[in-house]
Amino acid sequence: MLGKIVVSGFSLLLVVGVVIGVIAAVQKSDGSPANMDITPHMKAVSQLCQPTTYKDACTKTLGNVNSTDPKHLIQGGILAISESLTKSFNLSNDLIVKVKEGDNRTKTSLNDCKTLLNDAKEELHDIIDKVSQANLKDLTLQADEFRIWLSSIISYNELCIDGFDDSNELKATISNSTEAANELTDNILEMLGGFTKILSSFGLELNLPVTNTRRLLFEEKTGYPTWLSAADRKLLAVKDTNRPKPNAVVAKDGSGQYKSINAAINAYPANLKGRYVIYVKAGIYNEEVKVPKKMPNIFMYGDGPRATIVTGKKSFAGGINTFNTASFVVESDGFICRSMGFSNTAGPDGHQAVALRVNSDMSVFYNCRMDGYQDTLLYQAKRQFYRNCVISGTIDFLFGYGAAIIQNSLIIVRKPNPNQFNTVTADGRKEKGQNTGLVIHNCRIVPEEKLAATRLTTKTYLGRPWKAYSTTVVMQSQLGDLIQPEGWKEWIGNQFLDTLYYAEYGNTGPGSNTARRIKWKTLHFLNRQGAQAFTAGTFLPQSAQWIAAAGVPFLSGFK
């Protein structure tokens, strides 16, 4: 293209450094003449920090990186996040010995923080490795994926903080520490969010051959992951009525290879390539199931969401912090689940009691059921897709920090305790730069039978803002008359009302009337073009590939 510089390989990095220095030397961001005494390095730093929210932290951090190469500067910014996480981890460890005897809740919260912050550090190391192997074109093409992965670091920090009671004096101490890492992370998120614009402002055309094979997770022709064999691709396309041959069979009656789901998971083969398929026969499995991070690409299916059920009853009221109450936990990436049920039977008196917690990138749940009361489904982090599912609960029962779409599903609002109200969602997006949130698309929101008689007096709202940038979109869904005319509810007073993002589009049913919706400037009534940003094909990066690879039907756009 005319006026563009076309370069390749290592020479690109040199050109970028030179161009940054030239442009920054000519003018400031406001177009006025720049101080010629500013070094090329600091001019490059200023250019990259321009879109960030926490500019002082950005300038200080990148100012310590001796380079004008944007990739190296970003790497330096990520390394600073790692250092901050280490400080928070050490702080949690140091505070444990100072906790008073008998204060089990605080000790539990600090131990949870150690676990979560260590997980965050491990994931950040993986991100650093991916960045180091990427060139500028890779970073540009994968910017949204890197943002998803980096957003998970914030989710770990927030889970740590949310484990403390508001009255606990240590909460502020830990929060001040993790907030530093959140700010550093958000700065990188916003850089990546504007990366194409930043590079294009330098007049660079990134017309490079892709040399980083790790970036290509999917074949362009088939849309299936490159690590899947032809046989694996066939088994993923098999419908529930014609089930694939499993590697492991779980049956409580002894008719399978294993009597527990955990035993089948623990039999995961070393050096596995492709899918590990687990068939869980009908039965109620009262066990704490966890799919560990080191066991990716598991395909698990049951005999139906009413037949194969994993259950538990851990609760916050029972002394367990919320994220540890889940009956079923998924930590590994690429998890696919079909025809299973997950429940937490702690009831409304148990308060926070999770049925399913998912911290799995590119995870898919199809024809599944999640039953609980408060906090039923925790979409903890990364990309998640739920299709043809049934999800029930009362307060904040769809909550989390990740990027999730619930599509073609039935959402059942249950009867809460007396004097309680229901909120279907509580999204936990913390920072502006995150590309996370919850989308409910082509679903039905209805009351359970026990709530039906009082559905008009027991107030039910679409959601409330759990964190500053809480993002929730309800579109092309049928809303029952149980939804209050206001639609949405505040968290505490006016907190987060200027920064949240709530939206509705194309909904039907008596609860969809927006005439009396609450008057927030951050509540949006979208047109088709605006709602396009929240379809599966747009909101979940690379969804057309990884959801298709799961062998489930999905709407990439509108119905």
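The structure displayed is predicted, hence computed values, not measured ones.

**Remarks on the side chain of Arg383**
For step 1, the next point in the chain: Of note, Arg383 is situated in strand E16 (residues 383-387).
For step 2, the next point in the chain: When residues no more than four places from it in sequence are discounted, the contact partners of Arg383 are Glu145, Ile148, Trp149, Ser360, Asp361, Met362, Ser363, Ala403, Leu540, Pro541, Gln542 and Trp546.

**Observations concerning the sheet that holds strand E19 (residues 403-407)**
Strands pair in a sheet through their backbones, by hydrogen bonds, and they do so in one of two ways: parallel or antiparallel.
For step 1, the next point in the chain: Pairing in this open sheet of eleven strands is parallel, and the strands run E3-E4-E7-E10-E13-E16-E19-E22-E25-E27-E28 from one edge to the other. A single partner strand is all that each edge strand has here, and the edge strands are strand E3 (248-250) and strand E28 (523-525). Across the sheet, the mean angle from the axis of one strand to that of its neighbour is 10 degrees, orientation sign disregarded.
For step 2, the next point in the chain: By the bridge criterion, five bridges tie strand E25 (residues 471-475) to strand E27 (residues 501-505) in an arrangement that is parallel.

**Some words on empty space enclosed by the protein**
For step 1, the next point in the chain: Counted according to the given criterion, the structure contains one cavity of 30 Å³ or more.
For step 2, the next point in the chain: Taken as a whole, the largest cavity holds about 30 Å³ of empty space.
For step 3, the next point in the chain: If you go around the largest cavity, the residues you meet are Cys58, Thr61, Leu62, Gly77, Leu184, Asn187, Ile188 and Met191.
For step 4, the next point in the chain: If you list the elements that add at least two residues to the lining of the largest cavity, you get helix H3 (55-63) and helix H8 (169-193).
For step 5, the next point in the chain: The element that contributes the greatest number of residues to the lining of the largest cavity is H8, accounting for four residues.

**Description of the state of the cysteines**
For step 1, the next point in the chain: In this structure the tally under the stated criterion is two disulfides.
For step 2, the next point in the chain: The disulfide that involves Cys49 links it to Cys58, with 2.0 Å between the sulfurs. An S-S torsion of about -85 degrees defines the bridge between Cys49 and Cys58 as left-handed.
For step 3, the next point in the chain: Note on Cys58: relative accessible area 2%, which makes it buried.
For step 4, the next point in the chain: A sulfur-sulfur distance of 2.0 Å marks the disulfide that ties Cys113 to Cys160. Handedness of the Cys113-Cys160 disulfide follows from its S-S torsion of about 90 degrees: it is right-handed. On the criterion of sequence distance, the pair formed by Cys113 in helix H5 (residues 104-133) and Cys160 in helix H7 (residues 143-162) is long-range, its members being 47 residues apart.

**Details of helix H4 (residues 70-96)**
For step 1, the next point in the chain: The end-to-end C-alpha distance of H4, which contains 27 residues, comes to 40 Å, matching closely the 39 Å that a straight helix rising 1.5 Å per residue would cover.
For step 2, the next point in the chain: The opening residue of H4, the one whose side-chain oxygen lies 3.0 Å from the backbone nitrogen of Lys71, is Asp69.

**Topic: the packing of aromatic side chains**
For step 1, the next point in the chain: Enumeration over the complete set of coordinates arrives at 18 aromatic pairs.
For step 2, the next point in the chain: With centroids separated by 5.0 Å and ring planes inclined at 15 degrees, the aromatic side chains of Tyr279 and Tyr301 adopt a geometry described as stacked. A residue pair is termed long-range when its members are at least 10 positions apart, and Tyr279 in strand E4 (residues 276-280) and Tyr301 in strand E7 (residues 298-302) qualify at 22 residues.
For step 3, the next point in the chain: Take Tyr279: its relative accessible area is 16%, and that puts it in the buried class.

**As for the packing of H4 against H5**
For step 1, the next point in the chain: The geometry of H4 relative to H5 is characterised by a closest axis approach of 9 Å and an angle of 165 degrees between their N-to-C directions. In terms of orientation, H4 and H5 fall into the roughly antiparallel class. Crossing geometry of H4 relative to H5 is assigned as left-handed.
For step 2, the next point in the chain: Across the contact of H4 with H5, the residue classes break down as 15 nonpolar, ten polar and four charged.

**Some remarks on the environment of Asp166**
For step 1, the next point in the chain: Tracing the backbone through its elements, the reader meets Asp166 in the loop between H7 and H8.
For step 2, the next point in the chain: Within the local environment of Asp166, its side chain forms a polar contact with the side chain of Lys171, the two groups lying 2.6 Å apart.

**A look at the pattern of salt bridges**
For step 1, the next point in the chain: What the rule picks out here adds up to 19 salt bridges.
For step 2, the next point in the chain: Here Asp361 makes a salt bridge to Arg383, at a shortest N to O gap of 2.7 Å. One end of the pair, Asp361, is in the loop between strand E12 (356-358) and strand E13 (363-366); the other, Arg383, is in strand E16, and 22 residues separate them in sequence.
For step 3, the next point in the chain: Residue classification places Asp361 among the buried residues on the basis of a relative accessible area of 3%.
For step 4, the next point in the chain: Residues Arg517 and Glu504 are paired through a salt bridge, measuring 2.8 Å at the closest nitrogen-oxygen approach. Of this pair, Arg517 sits in the loop between E27 and E28 while Glu504 sits in strand E27; the two residues are 13 residues apart in sequence, bridging distant segments of the chain. The exposure classification of Arg517 matches that of Glu504, with both residues buried.
For step 5, the next point in the chain: The network of salt bridges with shared partners includes Glu123, Lys293, Asp333 and Lys382.

**A look at the packing of H5 against H8**
For step 1, the next point in the chain: Where H5 meets H8, the closest approach of the two axes is 12 Å, and the angle between their N-to-C directions is 10 degrees. Classified by the angle between their axes, H5 and H8 sit roughly parallel to one another. The segment H5 lies against H8, with Thr106, Leu110, Cys113 and Leu117 engaging Leu170, Ile174 and Thr178.

**Examining the confidence of the model for the protein**
For step 1, the next point in the chain: Summary statistics for the protein give a mean pLDDT of 88 and a share of 86% for residues scoring 70 or more.
For step 2, the next point in the chain: pLDDT under 50 marks residues 1-36. Its contacts with residues more than four places away, or in other chains, come to 54 contacts.
For step 3, the next point in the chain: Per-residue pLDDT stays below 50 along residues 208-229; that stretch engages in 50 contacts with residues further than four places along the chain or on separate chains.

**With respect to the sheet that holds strand E26 (residues 478-479)**
For step 1, the next point in the chain: Taken together, eight strands build an open sheet; the order of strands is E5-E8-E11-E14-E17-E20-E23-E26 and the sheet is parallel. With partners counted over all chains shown, the strands left at the sheet margins are strand E5 (283-285) and E26, one partner each.
For step 2, the next point in the chain: Bridge analysis of strand E14 (residues 369-371) against strand E17 (residues 390-393) gives three bridges, and the strand direction is parallel. Opposite Arg369, over in E17, you have Val390 as the bridge partner.

Parameters and conventions
Residues numbered from 1 in each chain as written. Predicted model: local features only at pLDDT ≥ 70, side-chain atom pairs only at ≥ 80, totals over all residues. Heavy atoms only, no water. Helix = DSSP H or I, 4+ residues; strand = E, 2+ residues; numbered from the N terminus. Contact = heavy atoms within 4.5 Å. Pairing = 2+ DSSP bridges. Axes fitted to C-alpha atoms, helices over the stretch in contact; angles between N-to-C directions. 1 Å grid on protein atoms, 1.4 Å probe; cavity = no way out; pocket = protein on both sides within 12 Å on 5 of 7 lines; lining within 4 Å. Points joined across faces, edges and corners; volume = space filled by probe spheres on them. Disulfide = S-S within 2.5 Å. Buried < 20%, exposed > 50% of the residue type's maximum accessible area, 1.4 Å probe, protein only. Expected span 1.5 Å × (residues − 1). Polar contact = N/O pair within 3.5 Å; in protein donor to acceptor, adjacent residues only side chain to side chain. Phe/Tyr/Trp six-rings, centres within 6.5 Å; stacked < 30°, edge-to-face > 60°. Parallel < 35°, antiparallel > 145°, perpendicular 65-115°, else oblique. Left-handed = near helix turned anticlockwise from the far one by under 90°. Nonpolar A, V, L, I, M, F, W, Y, C, P; charged D, E, K, R; others polar. Salt bridge = Lys/Arg side-chain N within 4 Å of Asp/Glu carboxyl O. pLDDT = per-residue confidence, 0-100.

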